[in-house]
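Each chain, letter by letter, is given below.
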Amino acid sequence: MDEWFRQTVAETGRLPLFCFFCGVLAGFAFIRFSTRMIRARVRWWPGNVERGGLHVHHVVFGVVMMLLGGTVGFAVPVDLPGWRAAAAGLSGVGSALVLDEFALVLRLRDVYWTQEGRLSVEAVFVALALLGLLLVGERPVFVSDVADALGEGGAAGWAAGLGLAAVNFALAAVTLFKGKFWTGFLGLFFPVLLLVGAARLSRPGAPWARWRYGGPGARAARLRER
């Protein structure tokens, strides 16, 4: 384990990313535990933060932590890796608090304990999955395509690399517009998922369904059956 950490994280300069990943994980675990304790009305656990009758959601604290961690990370010199790692960890905790109320930010109303609030949990797990892939050295397909084009050189190499990047970007956009967030984001690293997500039927209520399946037709009927 020590050897893996040294080769994969420390020597590759991914220590801040590792701390950010741990911050997201720890922040999400803590805030979910805290909200459940508050909902259960456990007496010894601190309740909601309120000021003048206003309930202060934890997304507010998350934004402050993200800004503080990001500012410190940019301001600290490169030769102080400990401080940069700590700033990344703080930003990770703040990101977890923001993502945990992603549904609230998206809908501008408190849907935390409703079916719509599950979107926040999905957002956190997608973020953890993407961070984990970056941590072990995976690169998004767009970055790989452009890097290959730069490495090959010549007009043909540039055209092929940038063209492939454009195709993958279009497939990712279609997949996300179809409401397939897991497939779309993970497809940034595994392009075959983009082909599957773009080809399959849209999820009900997704932008693609409203744009393409609004009228009568076989796809609209299949979507209503779903």
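This structure is a prediction, so every number in the text was calculated from the model and none was measured. (Residues numbered from 1 in each chain as written. Predicted model: local features only at pLDDT ≥ 70, side-chain atom pairs only at ≥ 80, totals over all residues. Heavy atoms only, no water.)

## Re the packing of helix 2 (residues 15–39) against helix 6 (residues 118–135)
At a minimum axis separation of 10 Å, helix 2 and helix 6 run at an interaxial angle of 160°. Taken together, helix 2 and helix 6 sit at an angle that is classed as roughly antiparallel. Helix 6 is crossed by helix 2, and the crossing has left-handed handedness. The segment helix 2 lies against helix 6, with Leu17, Phe18, Phe20, Phe21, Val24, Leu25, Phe28 and Arg32 engaging Ser120, Val121, Val124, Phe125, Leu128, Leu131, Gly132, Leu134 and Leu135. Taken together, the residues that form the contact of helix 2 with helix 6 break down as 14 nonpolar, two polar and one charged. (Axes fitted to C-alpha atoms, helices over the stretch in contact; angles between N-to-C directions. Helix = DSSP H or I, 4+ residues; strand = E, 2+ residues; numbered from the N terminus. Parallel < 35°, antiparallel > 145°, perpendicular 65-115°, else oblique. Left-handed = near helix turned anticlockwise from the far one by under 90°. Contact = heavy atoms within 4.5 Å. Nonpolar A, V, L, I, M, F, W, Y, C, P; charged D, E, K, R; others polar.)

## Section: the pattern of salt bridges
Taken as a whole, this structure holds five salt bridges when the rule is applied. In this structure, the salt-bridge partner of Arg6 is Glu11, at a minimum N-O distance of 2.2 Å. Residue class for Arg6 comes out partly exposed when judged on its relative accessible area of 35%. Here Arg32 ties to Asp100 by a salt bridge, and the two come within 2.7 Å at their closest N and O atoms. (Salt bridge = Lys/Arg side-chain N within 4 Å of Asp/Glu carboxyl O. Buried < 20%, exposed > 50% of the residue type's maximum accessible area, 1.4 Å probe, protein only.)

Function cannot be read off these values alone, since they describe shape.
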